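Working through the structure, step by step
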Amino acid sequence: MMKTCLKLLGKLALAALAFFVVTFTVYFFNLDMKATALLAPWLEKWYDHLEHNQYL
Amino acid sequence: MKDLKHLIFFEDLLQNADNALIRQAQSEGRVCVAYVCENTPEPLLNLPGAFSARLRAPRTGSMEMATYYMTSFLCEYSRALLERAIEGGYNFADAIITPDGCSMMNRCVENMELLKTMGKDKEHFFYEYMEIPMKADDNGLALYVLQCRNHILKPLHEHYGIDVSDEAIRAAVKEHNRICELIRAIGEFRKGPQPRITGYEFAVLTLCSYVCPKDLILDKLEETLEELKTREPDEKNAYRARVLLVGSEIDDTDFIKLVEDSGAYVCADRFCYGSLPGRDPIELNDEEDALTQICRIYMNRGQCPRYMNTEKMNARRAYVDKLAKEYEADGIIYEQMKFCDPWAYEKMLGSHILRDDFGYPVLAVDRPYSIASSGQMRTRVQAFVESVEIKKIQGGARHE
Amino acid sequence: MNKIRGDIHYGNLYKDGAVVRKRREWRGLTDTLYDYSRWLGIMAILAKFIIKPRNIKAMLRYRWMANYLAVPMMVDRHTQGLRGEYLRICHTEQDLIIDDVAKLLDNLFRGDRRIGNDTEFSKKVVLVDENEMTAVMMGFPTLKGLSRETPSTYVSVLLNQHAAVHYIDVAQQFGLAGDVCPMPEAEAGVSIDDDAPILGACAVQCNTTCDGSLLSNGVISRRLENVDGIPVFQLAAPLRHREDDVQEYAAQEIRNAIEFIEKHTGEKWDWAHYFECARRVNYATRCRLEWLEMNKTPYPQVFGSNLALYTETNYMAICGKIPAFEKADRKISQLAQRAYEKKKMAAREYRHRAIIWGVQSHFYMDFLVWLLNCWGIVPLTDMLSMVSTRELVTEDTPENREQAYYDMAWLTENMIMRNRTHGGYKVLLDELWEFTQEFNADMVILWEHMSCKALDGMHGMFEERARQLGIHLVWVSHDLFDPRIISRQGVRDQINNYMRTVMQEEPVDPTLEILHDEESW
């Protein structure tokens, strides 16, 4: 029982560490913003194709 | 057509803000109350012993000083007035009253005050700023009445001993109405296929009624009305289209001339300084005090875009439609003075709505304060006239 | 020179011509980990928002939604160079605002006829202006006062400097002159472009802030009433707001607005809730005053964009309605007090104490951060933060209920910016010099929002007074929402030129002097 708990804790710690390493890398190297910057032009094109009922 | 007998007399009065009739009235001991916005109820400035002069800056050239104080982004009307004030051109005024009609006019008068441009050697001179309603409703009316009482009647009485009683106000309205009836009667000659007065001539007469002591032009206006009754219109109509001119402040009669020289007869004038609705008589009853009635009439008939409730906004366009029908306009010119925020929006909305919902040909233009001879404007009006003509030939000037 | 942990040359984080920065700032271990944890929190807020299918649908429907991709970067821009308490103050504010805007968006799309189409919810929504104090919603706990313009234009431009450009162009294509203020112009453009969510039992518009705003409302209400069938009340707030003889008018407008909302929603005004909100407004006012008092000393604590952006949100949009802001006020005050006691400084060097006046360039709200980091100019307070400090009545008595209408009217009249740009030259011109003395400032940075006629109209008088008083007056021109007229570098250059030529100074951080961020969000 104790062993299983320790194993689980170990796995959790490993997962937390992996989560930290991955997310901190994304955070520090601004990868989230770099990725969304790639998405922005695609969205622009999408909006340009939408039909709008322009009305005054 | 034969020239109007008094046209040169009236034109002369427009050459300077400080015209001969203002000097004459002041020499008789009357108080000159200057103002700058159509939302200031005129009869209250024309109580016995006082007269109103709406400020303008004829023959404006450089506006460098005013541009320094207010930058080039403020409308040229406000800058031209400040420039003239700095030059000392309004030293004749004994007081100035302005509503916060728009930010630019407010700043213009505030600069006049801060720079001490007016009131030199005038012990009783005062500046007054007043709040005016932005909606036509009971609350707006209560505000209007209170503001007129506090910022027009009270200072006039306290500084100059002007009688501000109900009787005095009614007397002022009576005199105001005489001018209005004359201007409107003269304006009637713009109707019909062969008008007996040009839009330019009419603008000159109307403008004089805003910038001169009214009683001193009454006789000449009466004579002009009589003259028009028998005036022979030209056999061949020189104009190719009749247009209703709508928009912001115009005190430059050359603009009307330019439009007419381009082939469009200005058959109706729905702009600040125009006669519609500025020269509608004020009809008072005996049941209610005159001040409240005047304020209600000004509030209800006001066409200023600063009125922002939906009913008023819709009514503005309906009024233009009504005038276009009444004066048989073939098209509408929406104009705005450059950098005028209220009319920038109203021009956009009005020009679309009158074209799309009411079916009129509409030209939307912006212009400087003093247009003189603008080739660009002439070309635009000429092109508009041609398009109206083509529509007329095709039989579909308006689809009602 | 004050010691700053981690990076000190912030210009090195920019990449010429890029949309985003090379990397995030190293702030020393503790502060970097703190900032990282807040970043995770923001990502969680965004994930919670985007996980809903209707919000994805909205993302694909509304052009302005794309700007919300840049939320984390907005926080980075405002936290540049901040450490310790200052960083925590900034996050306390920004994270709360982000959460609040996310909820606003979620609610808008829930009721939006095109997206969530929750008709029952929509019946409980009152649309309010972006440029409007929301005091009239303080007594309606069961209603949602939602602003469509806040997320579509106001916040969007904070996130992405180019956000309003499309809508400005749409309005001008329809014939609107190019010299009007681009903010109401963009709001009109959103309406014309059919790019605003459609929902609500009714709408309350207001003439604040200016002529342009008033007139642009006419464009929006036309569509609301004619096409969408949503009744609109136009709330008129007097311009000469310091005058006694306009207050009754203003109070009656509030009564009429409340009556209108009651009529169209079937809800009744709740005095107990109103007074609860009023109590929170008072608390926020006391906190703001406390911060301003600190800013008068050599150790200012809540200043720059930490003061400006938060005050705008808390004072105008929140108006005591959301308890979380009271908690944030308390936390910010504690952090500020702690830093003040330790005589802490937010940057390496404080060279000049400045009052920021005029209307800030919205597409460059983090300019105040740059001012501090690049030139050591401390933005002690700004015009938009100098709003009402009057205490509202909070006890529920018959007399106070009557007074409450005047209090709400007072708040409405004293909406940010318009309480200075309107109401006569005293509030704009004279009081600036009083503040300069009070705050012991040697410099005034005067934002000249070129399309703001109320501000431009006092240009010459500002110069003359500054000369008379011997205060350094630095003009910074911009066009509020439109970086095509004057770019961010164009804004910075006006300071750079003054500091180099008139003040004969070298920058504290030379890497920030010239940044090629034209393409950046």
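Residues numbered from 1 in each chain as written. Chains lettered and ligands numbered in written order. Predicted model: local features only at pLDDT ≥ 70, side-chain atom pairs only at ≥ 80, totals over all residues.

1. Observations regarding the overall build of chain C
- Helix and strand counts for chain C come out as 20 helices and eight strands.
- C-alpha extents for chain C along the principal axes are approximately 60 × 50 × 45 Å.
- Considering only residue pairs separated by 6 or more positions, chain C has 78% of its internal contacts joining residues 24 or more positions apart. (Helix = DSSP H or I, 4+ residues; strand = E, 2+ residues; numbered from the N terminus. Contact = placed C-beta atoms within 7 Å.)

2. Things to note about unusual backbone geometry
- Note the cis peptide between L276 of chain B and P277 of chain B, where omega equals 5°.
- Here the amide bond leading from T208 of chain C into T209 of chain C is cis, since omega sits at 10°, within 30 degrees of zero.
- Mapped onto the fold, T209 of chain C is located in the loop between β3 (202-206) and α9 (211-226).
- Even without being glycine, N117 of chain C reaches a positive phi, approximately 50°.
- Take N117 of chain C: it is sitting in the loop between α4 (84-111) and α5 (119-122).

3. A closer look at the packing of helix α6 (residues 149-159) of chain C against helix α8 (residues 182-192) of chain C
All names here are of chain C.
- Packing of α6 against α8 brings their axes to within 10 Å, and their N-to-C directions diverge by 135°. Accordingly, the angle class assigned to the pair α6 and α8 is oblique. By crossing handedness, the relation of α6 to α8 is classed as right-handed. Judged by residue contacts, E149, S152 and T153 of α6 engage M183, A186, E187 and V190 from α8. (Axes fitted to C-alpha atoms, helices over the stretch in contact; angles between N-to-C directions. Parallel < 35°, antiparallel > 145°, perpendicular 65-115°, else oblique. Left-handed = near helix turned anticlockwise from the far one by under 90°.)

4. Section: the interface of chain B and chain C
- Counting residues at the interface gives 42 residues for chain B, matched by 43 residues for chain C.
- At the level of elements, α3 (64-70), α5 (103-114), α6 (138-160), α12 (310-326), α13 (341-356) and β8 (362-367) of chain B are the ones that each hand at least two residues to the side of chain B that touches chain C.
- Among the residues making up the side of chain B that touches chain C, the classes are represented as 23 nonpolar, 10 polar and nine charged. (Nonpolar A, V, L, I, M, F, W, Y, C, P; charged D, E, K, R; others polar.)

5. Quick word on the nonpolar core
- Counting residues in each nonpolar core, the largest one holds 314 residues, and the members touching the most others are V243, L244 and I332 of chain B.
- Discounting residues that sit within four places of it in the chain, I332 of chain B has contacts with V243, L244, V246, V320, A324, L354, Y360 and V362 of chain B. (Core = buried A, V, L, I, M, F, W, Y, C linked by C-beta atoms within 7 Å. Buried ≥ 20, exposed ≤ 12 C-beta atoms within 10 Å, placed from the backbone.)

6. Here's the deal with the sheet that holds strand β3 (residues 95-99) of chain B
Residue and element names in this part refer to chain B.
- Pairing is parallel across the open sheet formed by four strands, whose spatial order is β2-β1-β3-β4. Only two strands of the sheet have a single partner each, and these edge strands are β2 (50-54) and β4 (126-130). Each strand of the sheet is rotated relative to its neighbour by a mean of 25°, with strand direction disregarded.
- Note that β3 and β4 share five bridges and pair parallel. (Pairing = 2+ DSSP bridges.)

7. Quick word on helix α10 (residues 247-265) of chain C
- Across its 19 residues, α10 of chain C extends 27 Å between first and last C-alpha, which sits within 8% of the 27 Å expected from 1.5 Å per residue.
- Taken as a whole, α10 of chain C has its buried residues at Y249, A250, A251, E253, I254, A257, I258, F260 and I261 of chain C.
- The inward-facing, buried residues of α10 of chain C abut α6 of chain B together with β1 (125-128), β3, β4 (232-235) and α15 (398-413) of chain C.
- At the C-terminal side of α10 of chain C, G266 of chain C shows a positive phi close to 75°. (Expected span 1.5 Å × (residues − 1).)

8. Observations regarding the environment of T30 of chain C
All names here are of chain C.
- Within the element layout of this structure, T30 appears in helix α1 (residues 29-50).
- A residue is classified by how many C-beta atoms lie within 10 Å of it, and T30, with 12 of them, is exposed.
- In the structure, T30 is positioned 25 residues away from R5 in sequence and 9.8 Å away in space, judged by C-alpha atoms.

9. Points about the environment of F24 of chain A
Residues and elements named next belong to chain A.
- With respect to the helices and strands, the residue F24 is situated in helix α1 (residues 2-28).
- Judged by local crowding, F24 falls into the partly exposed class, with 16 C-beta atoms found within 10 Å.
- For the pair F24 and W42, spaced 18 residues apart in sequence, the C-alpha separation works out to 27 Å.

10. Things to note about the pairing of strand β5 (residues 352-358) of chain C
All names here are of chain C.
- β5 sits mainly inside the fold: seven of its seven residues count as buried.
- The pairing of β5 with strand β6 (residues 377-382) spans five bridges and is classified as parallel. Bridge pairing in β6 places R353 opposite V378.
- The β-α-β motif built from β5, the intervening helix α14 (residues 367-375) and the parallel element β6 has right-handed crossover chirality. (Right-handed = clockwise from strand over helix to strand, strands pointing away.)

11. Overview of the packing of helix α3 (residues 71-79) of chain C against α4 of chain C
Residues and elements named next belong to chain C.
- Closest axis-to-axis distance for the α3/α4 pair is 10 Å, and the angle between their directions is 155°. In terms of their interaxial angle, α3 and α4 are classed as roughly antiparallel. When the axes of α3 and α4 are compared, the crossing they make is right-handed. Listed contacts from α4 to V71, V75, H78 and T79 of α3 are L87, C90, Q94 and I98.

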